[in-house]
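If you want the building blocks of each chain, they are given just below.
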Amino acid sequence: MAIERTLSIIKPDGVKNNHVGEIIARFEKAGLKPVAIRRQQLSQAEAEGFYAVHKARPFFKDLVSFMISGPVVLMALEGENAVLKNRELMGATDPKKADKGTIRADFAQSIDANTVHGSDSLENAKNEVAYFFRETEIQG
């Protein structure tokens, strides 16, 4: 298996509800190593730029508002098959449909306040990691 990098964001609800440590522990237990990490309050421009792919979707404004409503924890995770492994750990976007024991099933409040973001492909992971982290900030 190839070593990959992926982006994970613990969203404002996950930070507010003090789930940061437990979420990071789940990643580490699954073999995903945080190689860059920081807590940050996203600006409107940062959130709009990051979610620009959804600009035409009806939920875009609410998503941006939610993402700037409080601090987030940004992480570049590294490990074997990191993109897929992260997605499996997160669970389905709708926590009601997420498998038991996944991050969203255990911590998410709704489809909108779903605790975590994770890259959905290797190509997007590269772009998303680069959006938030300079290569010099990543310590493999």
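These numbers come from a predicted model, not from an experiment. Each chain has its residues counted from 1, following the order in which its sequence is written. Thresholds applied to this predicted model are a pLDDT of at least 70 for local features of residues and 80 or more for the giving and counting of side-chain atom pairs; totals over whole chains, interfaces and linings are not thresholded and use all residues. No hydrogens and no water enter the side-chain calculation; it runs on all heavy atoms of the structure.

Q: Explain the overall build of the chain to me, and be specific about the residues and the numbers.
A: Only DSSP runs of H or I reaching four residues or more are called helices, and only runs of E reaching two or more are called strands; each is numbered from the N terminus. Scanning the chain for helices and strands turns up seven helices and four strands. Overall, the chain shows an N-to-C arrangement of helices and strands of β-α-α-β-α-α-β-α-α-β-α. In this description the radius of gyration comes from C-alpha coordinates, and the expected globular size is given by 2.2 Å times residues to the power 0.38. Relative to its length of 140 residues, the chain is compact, with a C-alpha radius of gyration of 14 Å against a globular reference of 14 Å. The principal-axis extent of the C-alpha atoms belonging to the chain is close to 40 × 35 × 25 Å. Only heavy atoms matter for contacts: two residues are in contact if any of them lie within 4.5 Å across the pair. Counting only contacts in the chain whose residues sit at least 6 apart along the sequence, the fraction spanning at least 24 positions is 76%. Taken as a whole, the chain presents about 7600 Å² of accessible surface, with 50% of it coming from carbon and sulfur. Positive and negative side-chain charges in the chain, numbering 19 and 19 respectively, have mean positions lying 3 Å apart. Surface exposure here means Shrake-Rupley accessible area, sampled with a 1.4 Å probe, where a residue is shielded only by the protein chains that are shown. All tallies of charge rest on Lys and Arg as positive and Asp and Glu as negative; His and the ends of each chain are not included. For charged residues, the charge sits on one atom: NZ in Lys, CZ in Arg, CG in Asp, CD in Glu.

Q: Tell me about the layout of surface pockets, residues and numbers included.
A: Here a cavity denotes grid points, spaced 1 Å and computed from the protein atoms alone, that fit a 1.4 Å probe unable to get out, and a pocket denotes an open set having protein on both sides within 12 Å along at least 5 of 7 lines; residues with an atom within 4 Å of a point are the lining. Grid points are joined across faces, edges and corners, and a volume is the space filled by probe spheres set on the points. Roughly 700 Å³ of internal volume is contained in the largest pocket. In terms of lining, the largest pocket is formed by 27 residues, of which the most central are Tyr 51, His 54, Phe 59, Leu 63 and His 117. Those elements that provide at least two residues to the lining of the largest pocket are α3 (44-50), α4 (60-67), α5 (82-90), β4 (116-118) and α7 (122-132). A total of four residues in the lining of the largest pocket trace back to one element, the largest contributor, which is α7. In this classification, the charged set is Asp, Glu, Lys and Arg, the nonpolar set is Ala, Val, Leu, Ile, Met, Phe, Trp, Tyr, Cys and Pro, and all remaining amino acids, among them Gly, are polar. Counted by class, the lining of the largest pocket contains eleven nonpolar, nine polar and seven charged residues.

Q: Describe the UniProt feature "active site" (unreviewed entry) in the chain, naming the residues involved and giving the relevant values.
A: UniProt positions are given in the numbering used here, feature names are shortened, and annotations may be inferred rather than shown by experiment. The positions that UniProt labels "active site" (unreviewed entry) are, in the present scheme, His 117. Along the chain, the position of His 117 falls in strand β4. Excluding anything up to four places from it in sequence, His 117 contacts Leu 7, Ser 8, Ile 9, Lys 11, Phe 50, Tyr 51, Met 90, Arg 104 and Glu 128.

Q: Tell me about α4, and please be specific about residues and values.
A: Buried within α4 are the following residues: Phe 60, Leu 63, Val 64, Phe 66 and Met 67. On an axial view of α4, the arc spanned by its buried residues comes to 160 degrees, and they lie on one face. Exposed side of α4, more than 90 degrees from the buried face: Lys 61 and Asp 62 are the residues found there. Among the structural elements, β1 (3-10), α1 (12-16), α3 and β3 (72-80) are those in contact with the buried residues of α4. Here the term buried applies to any residue with accessible area under 20% of the maximum for its type, exposed to any over 50%, and partly exposed to those in between, with areas from a 1.4 Å probe on protein chains only. What the arc describes is the spread of directions from the helix axis to the C-beta atoms.

Q: I'd like a description of the nonpolar core, backed by residues and values.
A: The biggest cluster of nonpolar side chains holds 21 residues, and the ones touching the most others in it are Leu 7, Ile 9, Met 67, Phe 132 and Phe 133. Contributing elements (two or more residues each) for this core: β1, β2 (33-40), α3, α4, β3 and α7. Residue contributions to this core peak at five residues, all from α4. Once residues within four sequence positions are removed from consideration, Ile 9 is found in contact with Phe 50, Met 67, Val 72, Val 73, Leu 74, Thr 115, Val 116, His 117 and Phe 132. Grouped together as the second largest cluster of nonpolar side chains are 14 residues, Ile 10, Met 75, Ala 82 and Ile 103 included. The term nonpolar core refers to a set of buried residues drawn from Ala, Val, Leu, Ile, Met, Phe, Trp, Tyr and Cys, joined through side-chain atoms within 4.5 Å.

Q: Explain the environment of Val 35 to me, and be specific about the residues and the numbers.
A: Of note, Val 35 is situated in strand β2. Given the relative accessible area of 4%, Val 35 is considered buried. A sequence separation of 44 residues divides Val 35 from Gly 79, and the C-alpha atoms of the two residues are 9.8 Å apart.

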